[in-house]
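Observations on the model geometry
Each chain, letter by letter, is given below.
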Amino acid sequence: MPKQRVWDLPVRLTHWLLAALIAFSWWSVKNDHVDWHIWSGIAILTLLLFRLMWGFVGSSTARFANFVRGPKQVVRYLRGDWRGIGHSPLGALSILALFLVTAAQVGLGLFNEDDDGLFAGPLANFLSPDTTDKIRDLHETNFYILLGLIGLHVAAILYYRLVRGKKLTKPMITGRAANDASAGEMRPGKWWVALICLALAFAISRWVVAGAPLP
Amino acid sequence: MRTKLFTAGFAFVLVSACGSSSSSQAKNQSANVINGAAAVAAAKPLTKDQAHAVMHERHEGMEDVGKQNKVLRRELTASAPNLSVVRGATATIARHASEATHWFPAGTGPDLGKTGAKPEIWQKPQDFGVKLHNFQVAARALDAAAKAGDLNAIKARYADIGGTCKACHDSYRTDMHH
C-alpha cells in the first residue's frame, strides 16, 4: 500500500517532547532538581496549551472534532467496522485520558509546593500552606494514574505491533503510514497558524509563571 | 522550510523557559564551628522513650519551620508584606533553629523508627554539624533583619536561609511521606 501522511509535524513534536519532558520531570524531582522539575512542568503546560489550540485549528488528524467519537463508533471499531486515518475511536479515548490527566498533573503542580516551602509552583501563593499540603498528595497520586495510562498506551502499541501486525511508532516519527487510500487523507494545517498557536501558548505560560497577575 | 520554522519555534519556547530560571541558592556561610560534632553526640545513650520523644519534637519542629517558611514567602512576595506576620514567622524559625541543637542525638535515626533523618548524619557528624550551624546562623540573621524591618535585607536573608535548608536536606534527609 502507498504511504501517505497521517501526523503533521506539530503533532509529532508535541508527542515526543511531552514524552521526553514527562520522563525528565520524573527524573529531576527524584534527584533533588526541583527547580528543573518546575520549569519542565511549565514547558509541558506550553505544549498542552499549544496542542489544545492545534486540536481546533490544526491538521485534520489533530482536530478533536475529527477523532473524538461516541460509544457507538467505539463499538463499531471493536467489531472491525471502522475506516479512517489518525486516531481510532478507541485510541481517541486514550488520547483524551492522557491529555486530561497530564493537564491535571500540570494544574496541580502550579499550586504545589514542597514540604520545606523552598520550591513552589507559580500559583501556590494563592492557597494556604494547609491546602498546598493536600495538593502535594494529589500531585503524587495523580502521577501514578498518569503512569498507568502511559503503561496502557505503550501496551496497546505493543499489542498492535505483535498481535495485529500494525506499526504505530514509526508513523509517529516519520508522519507517514501505509493506509488504504479509501480511508481518506490528512488535510494539513497552516504553518503560520501553528506559529500563532505557539506564540499564544507561550504568552499564556509566561503569564502563569508571573503568578497570573490580573490587570 | 516549514519543518525548520516549527522546530525553531519549539526550541525557542524551551530555551526561553529554561533561560529565565532563577535559583535562590544562598552562599554557603563560612561557619566557624568550634565543635561541629556536638549536635549529634549524646552524653549518654538515650532510652527508647527519650529517643522517640526527641524524634517527635524534631518532626513537629521541622514541619513548623517549613510552614513558617511558606508563610514568609507569601508575605515577602505580596505587594504589601505584613511585617508583624513576617516577624512572627522569623522568630518561630529562630526558636526552632536553636532547639535543633538537641534534635539529633545518636540513636534517633531510622533504626529506631520512621524518620526522614538519614544515617549519614551520624556517620559524618562534622559536616552535618557545620550545615546545622549554618542554618542556625542564617535563622538568627533572618530574625534580626525582620526586627530591623528593612524589606530588602529580609528578602536577602530569607534567600540565605533557604540555601541552608536545602544544603542539609539534599545530603541528610530522605523523601518523607506522612
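Above: the structure in question.
Residues numbered from 1 in each chain as written. Chains lettered and ligands numbered in written order. Predicted model: local features only at pLDDT ≥ 70, side-chain atom pairs only at ≥ 80, totals over all residues. Heavy atoms only, no water.

What about the overall build of chain B?
A count of helices and strands for chain B gives six helices and zero strands. Put simply, chain B runs from its N terminus to its C terminus through helices and strands in the order α-α-α-α-α-α. Expressed as a percentage of its 178 residues, the buried residues of chain B come to 39%. Sequence-distant contacts in chain B: of pairs separated by 6 or more residues, those separated by 24 or more amount to 79%. (Helix = DSSP H or I, 4+ residues; strand = E, 2+ residues; numbered from the N terminus. Buried < 20%, exposed > 50% of the residue type's maximum accessible area, 1.4 Å probe, protein only. Contact = heavy atoms within 4.5 Å.)

Some points on a negative patch on the surface
Judged by side-chain charge, A:Asp32, A:Asp137, A:Glu140 and B:Asp175 come together as a negatively charged surface patch. By the secondary structure assignment, B:Asp175 is in the segment after helix 6 (151-172). (Patch = residues over 30% accessible without salt bridge, like charges linked within 9 Å, V, L, I, M, F, W, Y side chains within 5 Å. Areas by Shrake-Rupley, 256 points an atom, 1.4 Å probe, with all protein chains shown as cover. Salt bridge = Lys/Arg side-chain N within 4 Å of Asp/Glu carboxyl O. Lys, Arg positive; Asp, Glu negative; His and termini not counted. Charge placed at Lys NZ, Arg CZ, Asp CG, Glu CD.)

A short note on the packing of helix 6 (residues 129-162) of chain A against helix 2 (residues 48-76) of chain B
Closest axis-to-axis distance for the helix 6 of chain A/helix 2 of chain B pair is 10 Å, and the angle between their directions is 110°. Compared by their axis directions, helix 6 of chain A and helix 2 of chain B come out roughly perpendicular. With respect to the hand of their crossing, helix 6 of chain A and helix 2 of chain B are arranged in right-handed fashion. For the pair formed by helix 6 of chain A and helix 2 of chain B, the contact residues are A:Pro129, A:Asp130, A:Thr132, A:Asp133 and A:Arg136 on the first element and B:Lys67, B:Lys70 and B:Arg74 on the second. Among the residues making up the contact of helix 6 of chain A with helix 2 of chain B, the classes are represented as one nonpolar, one polar and six charged. (Axes fitted to C-alpha atoms, helices over the stretch in contact; angles between N-to-C directions. Parallel < 35°, antiparallel > 145°, perpendicular 65-115°, else oblique. Left-handed = near helix turned anticlockwise from the far one by under 90°. Nonpolar A, V, L, I, M, F, W, Y, C, P; charged D, E, K, R; others polar.)

Quick look at the state of the cysteines
Residue and element names in this part refer to chain B. Taken as a whole and judged by the stated rule, the model has zero disulfides over all chains. Looking at Cys168, it has no disulfide partner, and the nearest cysteine sulfur is the one in Cys165, 8.9 Å off. We classify Cys168 as buried; its relative accessible area is 11%. (Disulfide = S-S within 2.5 Å.)

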